[in-house]
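Geometric and topological summary
Listed below are the residues making up each chain.
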Amino acid sequence: MNVTAEESLSSKDKPSFWFLHCLGWICYVLIFTVDNVFFYRDFNRLGLDVFFPLVIAGSFAALLTWPLRYIYRLCKGLSPTWILTVVLICSLGVSGIWTPLKNIALWHFYEDFDVFAFFAGNTSEAFSWYMLFMSISYSFFMILVWSALYFGINFHFSLLNEEKLKIEAVRLSHIAQIKMLRYQINPHFLFNTLNAISTLVIKDSKDKANGMLVRLSTFLRYSLDNDPEKKIRLYEELKALMLYLEIEKTRFDDRLSVKFEIDKQAETLLVPSLILQPLVENSIKYAIANMSQDGLIEIKAKCFENRLNLEVIDNGPSQHDASLDFSSELELSNRTSHTGVGIQNIIDRLKVLYSNEHSFHIIRGEESGFKVQISIPIQYP
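The rules behind each value
Once a new chain begins, its residue numbering starts again from 1 and follows that chain's sequence as written. In keeping with the predicted nature of the model, local features appear solely for residues at pLDDT of at least 70, side-chain atom pairs appear and are counted solely at 80 or more, and the whole-chain, interface and lining totals rest on all residues. The side-chain values count all of the structure's non-hydrogen atoms but skip hydrogen atoms and water molecules. In this scheme, a residue with accessible area under 20% of its type's maximum is buried, one over 50% is exposed, and one in between is partly exposed, where area comes from a 1.4 Å probe on protein chains only. Numbering goes from the N terminus for both helices and strands, where a helix is a DSSP run of H or I of at least four residues and a strand is a run of E of at least two. Salt bridges are counted wherever a side-chain nitrogen of Lys or Arg sits within 4 Å of a carboxyl oxygen of Asp or Glu. In this scheme Phe, Tyr and Trp rings, the latter by its six-membered ring, pair at centre separations within 6.5 Å, and the angle between planes marks the pair as stacked below 30 degrees, edge-to-face above 60, and tilted otherwise. In this scheme, strands are said to pair when DSSP sees at least two bridges between them. Axis definition: a line fit to C-alpha positions, over the contact stretch in the case of helices; interaxial angles, taken between N-to-C directions, run 0 to 180 degrees.

1. Re helix H10 (residues 277-286)
Taking burial as the measure, the ten residues of H10 include eight buried ones, the bulk of the element. Of the positions making up H10, those classed as buried are Gln 277, Pro 278, Leu 279, Val 280, Glu 281, Asn 282, Ser 283 and Ile 284.

2. Quick word on the pattern of salt bridges
Under the counting rule described, the total for this entry stands at five salt bridges. The partner of Glu 261 in a salt bridge is Lys 259, and the shortest N-O contact between them spans 3.5 Å. Measuring nitrogen to oxygen at the nearest pair gives 4.0 Å for the salt bridge that ties Glu 261 to Lys 302. Here Lys 302 lies in strand E4 (residues 295-304) and Glu 261 lies in strand E2 (residues 256-262), a separation of 41 residues in the sequence. Relative accessible area serves as the criterion here: at 38%, Lys 302 is assigned to the partly exposed category. Here the salt bridges do not stand alone but share partners, grouping Lys 259, Glu 261 and Lys 302 into one network.

3. Notes on the packing of aromatic side chains
Inspection of every chain in the model, using the stated rule, returns 15 aromatic pairs. With centroids separated by 5.4 Å and ring planes inclined at 80 degrees, the aromatic side chains of Trp 25 and Tyr 28 adopt a geometry described as edge-to-face. A residue pair is termed a helical-turn pair when its members lie 3 or 4 positions apart in one helix, as Trp 25 and Tyr 28 do in helix H2 (residues 17-39) at three residues. Comparing Trp 25 with Tyr 28, the two get one shared label, buried. Measuring from centroid to centroid gives 5.1 Å for Tyr 28 and Phe 32, while their planes differ by 55 degrees, and the two rings are tilted. One end of the pair, Tyr 28, and the other, Phe 32, are both in helix H2, four residues apart, so they sit about a helical turn from each other. Look at Phe 32 and you get partly exposed, because its relative accessible area is 25%. Taken together, the ring pairs connect Phe 17, Trp 18, Trp 66, Tyr 70, Tyr 72, Trp 146, Tyr 150 and Phe 151 into an aromatic cluster.

4. A short note on the sheet that holds E4
Strand order across the open sheet formed by five strands is E2-E4-E5-E7-E6, with mixed pairing between neighbours. Single-partner strands in this sheet number two, and they are E2 and strand E6 (359-364). Geometrically, the sheet is characterised by an average inter-axis angle of 10 degrees between neighbouring strands, direction not taken into account. In this structure, strand E5 (residues 307-314) lies alongside strand E7 (residues 370-377), joined through seven bridges in antiparallel fashion. Within E7, the position partnered with Ile 313 by the bridge is Lys 371.

5. Quick look at the pairing of E5
Counted residue by residue, E5 has six buried out of eight residues, so it is predominantly covered. Pairing of E4 with E5, which is carried by eight bridges, proceeds in the antiparallel orientation. Bridged to Lys 302 within E5 is Asn 309. Here E4 folds back onto E5 in antiparallel fashion, the turn holding two residues, of which Glu 305 has a positive phi close to 50 degrees.

On their own, these measurements won't tell you what the molecule is for.
Here it is as C-alpha cells:
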C-alpha cells in the first residue's frame, strides 16, 4: 500500500485538511467583505450586499478546490516541472468553472440579474457570453494560492515528520548504545564474583559464600531493573555501590576500607546508574588486590559552580609508567593496568549522555594510587 506524505503524518502533528480548507475560504470571505465595506461603504452600509455573494462565491470555490486534494496526492514522486504543470492546468480548469459561477452570483445581488432566465436561455441583447469570464485572472491567482498553500503546508509538516523520525532514530540508537555499554558491566562483574564464591566454597566457607550469593542476587536485580537510559539519584547509586562493596569486603576482609565524603546536596542529584561501580571495581582489581593490608578507597561527591564532581581514589601501589591525565574525548592510547573495559565503558556512556558537557580524568597519585575524576552538569530529579 502506498502511503502519501499527507497520510503518513499523525493527526496530532498536523491539522485536518477539512479544518484548513474551510478556514482558508472563510478567511477569503471575511477579508474581501471587510475590504469592500471599507472601500464602498456608501453602497454597503452593513456589508450585506457584498457578504452574501462572497459567501456563495467562497462556497463554490471550496467545492471546486476540494477534488484538487486527490489530484495533487497523485503528484507524489513527480519532478517539480511536472508538479508545476499539473498545478497550472488544474488551477486554470477550476478558475474556468468558478469564474462564471462567481460572476452570476455577483450580478444577481448587484444588478438584479435573472439567474433562472439565464439558465432557461432567455438573455438580454446586451448580454455577452465572454462577460461570464471577467476577472478569470483573479480567480486563477486565488486557486494558485490555494494550491501553493496545499503543497507548502504538506511539505512543511513532512519536514517536521522527517525531523521527528530522525530525532527518534537517534534517541533509539542512543538507548541501544547505552544499554549495550551498561550491560557490558554485568558479565564482567559476575565473572569475578562467581570466582570468589567458588573459592569460598572450596575453602568450605559456606556462610560467606551464601551471603555473597544473596548480595550478588540483590545487586544484579537492582542492575537489571534499572532502565539504562534513565538517570538515578546519587543516593540510590551509592546504595547499589554499597551492595557491591559488601561482596568485595567478603573477599578481602580487613584489606579493604572504604571512606565516603558526600555533600548533602549531591545526594539528590541525578547520575547515570552504575557509573561508580566500575571505577571502584577497577581500584579493587588493580590496587587493593595487590596489597596485603591497609587498602583504602575514597569516594567523594561535591557540588561546585553548577557541576557535580565525583572522585574515586585508591592508595594502591604506585605505577611510574602510568602518566594519565586525559579527557573522555581521547582514545585510551596509553593503556596501563588501570585502564580497561570498565573505564572505556564509562567514557563511552558519558559521551553519549552528556556530549561535550562532561570531563573524565585519571590522575596518578604523587606517592601512590590513582584518582579518577568525573565532572557532569548538575541535574535535579
